[in-house]
Amino acid sequence: MVPADFYLRILPELILSGFAVLIMLVEGPARGQNRGGASGWLALIGCLAALVSVGTQAAHPGDAFSGLFRVDAFTIFMHVLLIAATAVVILAAMDYLPQQGLQRGEFYALVLFATVGMGFMVGSVELIMIFIGLEISSIATYILCGFRRKDKYATESALKYFLLGSFATAFFLYGIALLYGASGTTNLYTMAANGLQISPDGLNHGALVLVAAGLIFVGLGFKISAAPFQMWTPDVYTGAPALVTGFMSAGPKAAAFAVALRIYYVALHGSSAAWFWLIWVAAILSMCLGNLGALYQTNLKRMLAYSSIAQAGYILVAFAALGVNGASAVLFYLAAYVAMNLGAFAVISHLAHRDEPYVNLGDYAGLGFRFPWMAFALSIFLLSLIGVPLTGGFFGKLFVFQAALHAHLVGLTVIALLNSALAAYYYLRVIVYMYMREREGAPIACARFTLPLWLALASCLGVTFWLGIFPSSALDFAAKSAQQLLR
Amino acid sequence: MDFINHTIVSWTLFFPLIGIVALLLARGDRAVRWVALVFTLATFGLSLHLPFHFDSASGGFQFLQRAPWIPAFHIQYIVGADGLSLWLAVLTTFLSVIGVLISWKSIQKNTKAFFILLLLLETGMLGVFFSLDLFLFYAFWEITLVPMAFLIGIWGHERRLYAAIKFFLYTMAGSVLMLGCIIWLYNLTGTFDFTVIKSGLASGLFSINSTTELWLFLGFFIAFAIKVPLFPFHTWLPDAHVEAPTAGSVLLAGVLLKLGPYGMLRFNLGLFPHAAQRCSEVIVILGLIGIVYGALVAFVQPNMKKLVAYSSVSHMGFIIVAIFTFSQIGTQGAIYQMLNHGVSTGGLFILVGMLYERRHTFELSEYGGIATVMPVYAAFFVLIVMSSVGLPLLNGFVGEFLIMVGTFTSGVLHAHVYAIIAASGVIWGALYLLHWTRNTIWGELANAKNKVLKDLDGREKLVLTTIGLLALFMGLASPYFLNKTAATTATTIAAYQPVTAATSARLTIRP
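This one's a predicted model, so the numbers in the text were calculated from it and none came from an experiment.

**With respect to the overall build of chain A**
Here comes step 1: Check the secondary structure of chain A and you find 20 helices and 2 strands.
Here comes step 2: The C-alpha atoms of chain A give a radius of gyration of 21 Å, which matches the 23 Å a tight globule of 487 residues would have.
Here comes step 3: Looking at chain A residue by residue over its 487 residues, the buried ones come to 62%.

Spelled out as structure tokens, the structure:
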């Protein structure tokens, strides 16, 4: 008999799966223009219900299903973040999909399934379960990438993501196998308790563990688009529908970081001196390659793709700081990053028009005073990505640098600081185009501002400012999560 | 009264933000201008509370207010004013009023956005002067960047985009290093509270070795040096100035440049006295190069706005020399010269802007003999140029004189040479400024386009009269200003007394 508590601990996942299945059922018989309209609201209700149920989840901390799943502050933090991000994506999709002529219920179902997968990724403390979560979310995302079926770039994007993604997960799985070989368990906390260096048969498996750490990093590095596993990012991000790109750059990336925290900070804690250098190199490469790549992009989606590589680099800087400090900086930055990046993509999706002809820098010329609220929102998101005070991105950077300096990573911090100054150029350029230039030819129009989009942007803006002006409660939450993670 | 004294700084600081809300609600350009004027005037009025209730005998911070902001990182909201920030804050609120007045007619496009950014800039600048928490300071420091870049980029002249981006990136590059140093300092001391860090470093409670001190000093210094701008970090300034709208130039020259020397006095000298002394020689030499180089480049400029911009490089050089020779008199002069420069160079930019509004060109060669068509304008022109040259009875003289005397008697190595080179800067200054006056105001009215120029209207007279009277008042009543800064200067310099005294003792014994 499974205790009822166990189900309460995975209640958000249950609710999300339930709603996703419901959407599929509702969508089946629907025909004509109305397809998808109801599904959007259903998905939103599902998300909000799941968000509420995180409260129930939080009231029942502990392990579930023979130690597969663990509810602690870390799980709660990531659940709130991921489900809220999904809710924003769904809101924006209710504006975006009809505009693109892509209004189909499967979109919402897939987004919910992907969220279920991410929920399992962040809540599981057992490698096989993490892998299953990763696959659920990845497969849903592969399909979403190719959602504009008739577009060759979308297909290219989906195929590329799928092939390389499968390759990366294979590495991840190989890493899991080696870890199991070295420790005789797949439970992360058991590994941590036993100490990984010595396996049950009494042999020293230090080298095996290191190879496993490297292989797992290949898999996760792909998902977080950390250099040198970032090659796919620009193409996939550019080809996928803009909102899907926003979703990809937020949810799956955050979930993969959470998994990385659990695996490296908890299970592989003992060999941190060795894998630290892996993170260190990846952080520097990601920041530099991402920012340099973004400098000359004129396609906004491509620019933000490179920017997301660079942002992953900043998060890796915090990752390299280790300890509670590093973990809480990672978590806080993730929250700020998800809000600002998703917000930016929501604006871009709205302005792109059907089949997305308007995603180039030149198309944004003169928007500033024509659509003041749209432009204001995008400016705030970009300023936050630069790291200007009073925005979440600023505190995110501050905590990252603080953690890194606290760990005496002076060189890494200086490189990160210089990179963030360099990055100001390309983010600022978008603002410059919006406010300080006029478009050659007719200025682009802006579709009607619908209520769901308004809600999506308002919540992203709200969170960006909230994290930028009163970051205390979020920071305390992140710190508490980090402490429970490492306990 | 206690309540007012306790919260007045916050009121002054955030009043422009209330103005922004009012501006958002205002309808029509006329209403927008009046709302902006009312709120800048009210902020100016609020800031006047500070000098009237300031205790001149105390060198510490007054009107202190503190509240926790982010407890987990010991970040607090601490604001207050001392002799150093007192007048700079008043200067800021004053020039903001002037900024609104001179934009009355020249800003016709997106008026509301312009004044919103102007008020945001005012809050940002005030915040830099009032913040006593390093983190809060940095936040305001960065915030000033955004509205200024927008003012240049949207309402500027032909090459505004280039100038706006250059301004933003230059300053950003400097300030991220400062952010690194602030965090480093936090990791060393566990607090962002300026007074705690300062007393802790002075008493040895927080011990840092001299290499660390040097790096921290440099991190802060480069950010400030870019803002000043100190030679060779000055290249963004002519671009930003030339392209900025008049109000932007006035606030840029009047206040934003002052953030540099303010930061040096407050943080570089306040926190890292040993490193400051170690580096002082190089810095003074850079300042001297700036004085001479700025003046010479200003002399050959064909563009009036560039001329004034390079004159700023030269004038700011004096301030740097005075700060890094560590004398009481010189530092007083530096503070006074910061205010003077705000008034006179602000005035010069206003004068240039007024000509531009009439002729839409900054080219010197387009002008000549303006006095015959615009006699009132010419009178103000000469007055403000004289204040910038440093004519006795006007404000510039007091500041420059104090700086010379302070540098000469500072007792640092080569003090006399420094003072002599700096003094030559006054001559160079007179040279290019009088040259400019002669070519613009006097002489033949050769250009036919200039024959129909209208003289000043009431609003313009009001602006220039205010500036002119202030220049005269600051020239005559300098003790009123300097008395309030004396105690603070003495405390700032106190850390340097032993060395200076020893050096001067050695100098007196030698003959």
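**A look at the overall build of chain B**
Here comes step 1: A tally of regular secondary structure across chain B gives 21 helices and 2 strands.
Here comes step 2: Taken over C-alpha atoms, the radius of gyration comes to 22 Å for chain B, in line with the 24 Å a tight globule of 511 residues would show.
Here comes step 3: When its C-alpha atoms are laid out on the principal axes, chain B stretches across 70 × 65 × 40 Å.
Here comes step 4: For chain B, restricting intrachain contacts to residue pairs at least 6 apart in sequence, the fraction spanning at least 24 positions comes to 80%.

**Remarks on unusual backbone geometry**
Here comes step 1: Across the junction of A:Ala227 and A:Pro228, the peptide omega takes the value 5°, indicating a cis bond.
Here comes step 2: The topology assignment puts A:Pro228 in the loop between helix 9 (206–223) and helix 10 (232–239).
Here comes step 3: In the segment running from B:Val228 into B:Pro229, the intervening peptide bond is cis, with an omega of -10°.
Here comes step 4: Looking at the element boundaries, B:Pro229 is found in the loop between helix 8 (210–227) and helix 9 (236–243).
Here comes step 5: Its identity as a non-glycine residue notwithstanding, A:Leu390 has a phi of 75°, on the positive side.
Here comes step 6: As for its placement among the helices and strands, A:Leu390 is situated in the loop between helix 16 (372–386) and helix 17 (392–406).

**Quick word on helix 3 (residues 83–102) of chain B**
Here comes step 1: End to end, helix 3 of chain B covers 29 Å across 20 residues, agreeing with the expected 28 Å (1.5 Å per residue, within 8%).
Here comes step 2: Of all 20 residues making up helix 3 of chain B, 20 are buried, and the element is well covered by its neighbours.

**Overview of the interface of chain A and chain B**
Interface size, as often reported, equals the accessible area lost upon joining of the parts.
Here comes step 1: Each partner contributes residues to the interface: chain A has 26 residues there, and chain B has 27 residues.
Here comes step 2: Of all the secondary structure elements, the ones that give two or more residues to the side of chain A that touches chain B are helix 17, helix 18 (410–436) and helix 20 (472–486) of chain A.

**Structural notes on the confidence of the model for chain B**
Residues and elements named next belong to chain B.
Here comes step 1: On average, residues of chain B score 85 in pLDDT, and 97% of them are at 70 or above.
Here comes step 2: Across residues 498–511, where pLDDT falls below 50, the model places 9 contacts with residues more than four positions away in sequence or in other chains.
Here comes step 3: Predicted complex, confidence summary: ipTM 0.83, pTM 0.89.

**Some details on helix 16 of chain A**
All names here are of chain A.
Here comes step 1: Between the first and last C-alpha of helix 16 there are 21 Å, a value that for 15 residues agrees with the 21 Å anticipated at 1.5 Å per step.
Here comes step 2: Counted residue by residue, helix 16 has 12 buried out of 15 residues, so it is predominantly covered.
Here comes step 3: Remark: Gly387 follows helix 16 within two positions and exhibits a positive phi of approximately 100°.

**Examining the confidence of the model for chain A**
Here comes step 1: Considering every residue of chain A, the mean pLDDT works out to 88; 96% of them sit at 70 or more.
Here comes step 2: Here helix 15 (residues 367–370) of chain A is the element of chain A with the lowest mean pLDDT, 82, and helix 13 (residues 300–320) of chain A is the one with the highest, 93.

**Quick word on the nonpolar core**
Residue and element names in this part refer to chain A.
Here comes step 1: Counting residues in hydrophobic clusters, the biggest one holds 406 residues, and the most contacted among them are Tyr333 and Ala404.
Here comes step 2: Here this core takes 21 residues from helix 14 (residues 323–351), the largest share from any one element.
Here comes step 3: When neighbours within four sequence positions are excluded, Tyr333 is seen to be in contact with Tyr314, Ile315, Ala318, Gly396, Phe399 and Val400.

**Points about the packing of helix 3 (residues 37–59) of chain A against helix 5 (residues 105–123) of chain A**
Residues and elements named next belong to chain A.
Here comes step 1: Look at helix 3 against helix 5: their axes get within 8 Å of each other, and the N-to-C directions meet at 15°. The orientation of helix 3 with respect to helix 5, classified from their angle, is roughly parallel. When the axes of helix 3 and helix 5 are compared, the crossing they make is right-handed. Contact residues: Ser39, Gly40, Ala43 and Gly46 in helix 3; Gly105, Tyr108, Val111 and Leu112 in helix 5.

**Description of the environment of A:Val388**
Here comes step 1: Turning to its location among the elements, A:Val388 is positioned in the loop between helix 16 and helix 17.
Here comes step 2: On the basis of neighbour count, A:Val388 is assigned to the buried category, with 23 C-beta atoms found within 10 Å.
Here comes step 3: Sequence-wise, A:Val388 and A:Gly468 are 80 residues apart; in three dimensions their C-alpha atoms are separated by 9.1 Å.
Here comes step 4: When residues no more than four places from it in sequence are discounted, the contact partners of A:Val388 are A:Leu383, A:Phe394, B:Glu142 and B:Val146.

**Regarding the environment of A:Phe395**
Residue and element names in this part refer to chain A.
Here comes step 1: By the secondary structure assignment, Phe395 is in helix 17.
Here comes step 2: Given 32 C-beta atoms within 10 Å, Phe395 falls into the buried group.
Here comes step 3: On a C-alpha basis, the gap between Phe395 and Ala423 in space is 17 Å, while along the polypeptide they are 28 residues apart.
Here comes step 4: Among residues more than four places away in sequence, those in contact with Phe395 are Phe332, Ala336, Leu467, Gly468 and Pro471.

**Details of the packing of helix 11 (residues 242–267) of chain A against helix 13 of chain A**
Residues and elements named next belong to chain A.
Here comes step 1: Between helix 11 and helix 13, whose axes approach to 11 Å, the crossing angle comes to 10°. Taken together, the axes of helix 11 and helix 13 lie roughly parallel to each other. On helix 13, the residues touching Ala242, Thr245, Ser249, Lys253 and Phe257 of helix 11 are Lys301, Ser308, Ala312 and Ile315.
Here comes step 2: Taken together, the residues of the contact of helix 11 with helix 13 break down into 4 nonpolar, 3 polar and 2 charged.

**A closer look at the pairing of strand 2 (residues 75–81) of chain B**
On a regular strand, each side chain points to the face opposite its neighbour's, so the side chains alternate between the two faces of the sheet.
Residue and element names in this part refer to chain B.
Here comes step 1: When you tally the buried positions in strand 2, you get 5 out of 7 residues, the bulk of the element.
Here comes step 2: Pairing of strand 1 (residues 62–70) with strand 2, which is carried by 6 bridges, proceeds in the antiparallel orientation. Looking across to strand 2, one finds that Gln62 is bridged to Ala81.
Here comes step 3: From the end of strand 1 to the start of strand 2, which pair antiparallel, there are 4 residues, and His74 there has a positive phi angle of about 55°.

**Observations concerning the environment of B:Leu259**
Residues and elements named next belong to chain B.
Here comes step 1: Of note, Leu259 is situated in helix 11 (residues 259–271).
Here comes step 2: The buried category is assigned to Leu259, around which 23 C-beta atoms lie within 10 Å.
Here comes step 3: For the pair formed by Leu259 and Val228, sequence separation is 31 residues and the distance between their alpha carbons is 7.3 Å.
Here comes step 4: Beyond its immediate stretch of four places on either side in the chain, Leu259 contacts Val128 and Lys227.

Thresholds, definitions, all that
- Note that residues are indexed from 1 along each chain, following the sequence as it is written.
- Here the convention is simple: chains get letters from A, ligands get numbers from 1, in the order in which they are written.
- Reporting in this predicted model follows two pLDDT cut-offs: at least 70 for local features of residues, and 80 or more for side-chain atom pairs to be given and counted; totals over whole chains, interfaces and linings ignore these cut-offs and use all residues.
- Helix and strand definitions follow DSSP, with helices as H or I runs of at least four residues and strands as E runs of at least two, each counted in order from the N terminus.
- With the radius of gyration taken over C-alpha atoms, the globule rule is written as 2.2 Å times the number of residues to the power 0.38.
- Here the C-beta atoms are placed from the backbone, and a residue counts as buried if at least 20 other C-beta atoms lie within 10 Å of its own, exposed if 12 or fewer do, and partly exposed otherwise.
- By definition, residues are in contact whenever their C-beta atoms, placed on the basis of the backbone, come within 7 Å of each other.
- Expected helix span is computed as 1.5 Å times (number of residues minus one).
- Confidence scores per residue from the predictor, reported as pLDDT, run from 0 to 100.
- Definition of nonpolar core: a set of buried Ala, Val, Leu, Ile, Met, Phe, Trp, Tyr and Cys residues joined via C-beta atoms within 7 Å.
- In this description, a line fitted to the C-alpha atoms serves as the axis of each element, helices being fitted only across the stretch in contact, and the angle between N-to-C directions of two axes falls anywhere from 0 to 180 degrees.
- Relative orientations are named as follows: roughly parallel for angles under 35 degrees, roughly antiparallel for angles over 145 degrees, roughly perpendicular for angles from 65 to 115 degrees, and oblique for any other angle.
- By definition, any crossing whose near helix is turned counterclockwise from its far helix by less than a right angle is left-handed, and any crossing with a clockwise turn is right-handed.
- Each residue receives one of three labels: charged for Asp, Glu, Lys and Arg, nonpolar for Ala, Val, Leu, Ile, Met, Phe, Trp, Tyr, Cys and Pro, and polar for the others, Gly being one of them.
- By definition, two strands form a pair when at least two bridges between them are found by DSSP.

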